[in-house]
Amino acid sequence: MELTAKDRELLALLAENARMPVATLARRLSISRTTAQARLERLERLGVIAGYGVRLSDAYASGLVRAHVLVTIAPKSLSEVVASIAQVGAVTELHSVSGAFDLIAIVAAPSIAELDAHIDEIGRIGGVERTQSSIILSTRLRR
């Protein structure tokens, strides 16, 4: 699918604030409100925009304890393990990776004890052979 420069600008503005009114988007893009609305609808229809979400404030997010949980899974159990990990509410991201591990889950919780419980929950999932965790001490760059 081909995106124009204006489409990419529109996506960047929505990444800043997904609740920005269409009139504001149009003004910032130097296009009419009707054109901005049509672009949004086209991007949604094409599946470029799959939905709108909440971006947590740095103040709130800095109060959470986060960890990278590296997961090794049994052969042929990827889809079942992914579906089970998706049910763990504290998992904010899940990535398939190459190397010694099969998946990396990003887990966030309000305390070390709760983080530990979520990591244990992942380890108990059928098809998970092993996990290794690293607590994130600080975030140096986020885009």
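All values derive from a computational prediction rather than experimental measurement.

*Asks:* Hey, could you run me through the overall build of the protein chain in this one?
*Replies:* For the protein chain, the helix and strand inventory stands at six helices and four strands. Of the regular secondary structure in the protein chain, the N- to C-terminal order runs α-α-α-α-β-α-β-β-α-β. In summary, the protein chain has a C-alpha radius of gyration of 19 Å against a globular reference of 15 Å for 143 residues, an excess of more than 25%. Its C-alpha atoms give the protein chain principal-axis dimensions of roughly 55 × 35 × 25 Å. The buried share of the protein chain, taken over its 143 residues, is 30%. Summarising the internal contacts of the protein chain: among those between residues at least 6 apart in sequence, 63% fall at separations of at least 24. Carbon together with sulfur atoms contributes 53% to the accessible area of the protein chain, which is approximately 9400 Å² in total. If the 17 positive side-chain charges of the protein chain are averaged to one point and the 15 negative ones to another, these points end up 10 Å apart.

*Asks:* Honestly, the packing of helix H2 (residues 22–29) against helix H3 (residues 33–45) in this entry has me stumped. Any pointers?
*Replies:* Each pair of packed helices can be described by the angle between their axes along with the distance between the axes. At a closest axis distance of 8 Å, the pairing of H2 and H3 adopts a crossing angle of 105°. If you check the angle between H2 and H3, you find them roughly perpendicular. Mapping the contact onto sequence places Val 22, Ala 23, Leu 25 and Ala 26 in H2 and Arg 33, Ala 36, Gln 37 and Leu 40 in H3. Classifying every residue of the contact of H2 with H3 by side-chain character gives six nonpolar, one polar and one charged.

*Asks:* Explain the pattern of salt bridges to me, please; I cannot follow it from the model alone.
*Replies:* A side chain with one charge may pair with a side chain of the opposite charge, provided their charged atoms come close. Going through the model one piece at a time under the given rule, you end up with three salt bridges. The closest approach of N and O atoms between Asp 7 and Arg 42, which form a salt bridge, is 2.5 Å. Taken together, the residues span a long stretch of sequence, with Asp 7 in helix H1 (residues 5–16) and Arg 42 in helix H3 at a distance of 35 residues. Asp 7 gets classed as buried once you look at its relative accessible area, which sits at 0%. Each of Asp 7, Arg 39 and Arg 42 takes part in salt bridges that share partners, so that together they form one network.

*Asks:* Looking at this model, I keep getting lost on the sheet that holds strand E4 (residues 128–136). Mind explaining?
*Replies:* Two strands in a sheet stick together by hydrogen bonds in their backbones, pointing the same way (parallel) or opposite ways (antiparallel). Spatial ordering of the open sheet is given by E2-E3-E1-E4, a layout of four strands whose pairing is antiparallel. The two strands at the open ends of the sheet, each matched to only one other strand, are strand E2 (91–96) and E4. Shown here is a sheet whose adjacent strand axes are inclined to one another by a mean of 20°, direction ignored. Relative to strand E3 (residues 103–109), E2 runs antiparallel, the two sharing five bridges. By the bridge assignment for E3, Val 91 is matched with Val 107. Each of strand E1 (65–73), E2, E3 and E4 touches helix H5 (residues 78–86); the most contacted strand, E3, lies at about 10° to it. Lying over the sheet, helix H6 (residues 112–123) contacts E1, E2, E3 and E4, oriented at roughly 160° with respect to E4.

*Asks:* Got a minute to help me understand a nonpolar patch on the surface in this structure?
*Replies:* A surface patch of nonpolar side chains, about 360 Å² in accessible area, is lined by Val 54, Leu 56 and Tyr 60. Within the fold, Leu 56 resides in the loop between H3 and helix H4 (58–61). Accessibility expressed as a relative area gives 46% for Leu 56, which makes it partly exposed.

What counts as what
Residues numbered from 1 in each chain as written. Predicted model: local features only at pLDDT ≥ 70, side-chain atom pairs only at ≥ 80, totals over all residues. Heavy atoms only, no water. Helix = DSSP H or I, 4+ residues; strand = E, 2+ residues; numbered from the N terminus. Rg over C-alpha atoms; globule rule 2.2 N^0.38 Å. Buried < 20%, exposed > 50% of the residue type's maximum accessible area, 1.4 Å probe, protein only. Contact = heavy atoms within 4.5 Å. Areas by Shrake-Rupley, 256 points an atom, 1.4 Å probe, with all protein chains shown as cover. Lys, Arg positive; Asp, Glu negative; His and termini not counted. Charge placed at Lys NZ, Arg CZ, Asp CG, Glu CD. Axes fitted to C-alpha atoms, helices over the stretch in contact; angles between N-to-C directions. Parallel < 35°, antiparallel > 145°, perpendicular 65-115°, else oblique. Nonpolar A, V, L, I, M, F, W, Y, C, P; charged D, E, K, R; others polar. Salt bridge = Lys/Arg side-chain N within 4 Å of Asp/Glu carboxyl O. Pairing = 2+ DSSP bridges. Patch = residues over 30% accessible without salt bridge, like charges linked within 9 Å, V, L, I, M, F, W, Y side chains within 5 Å.

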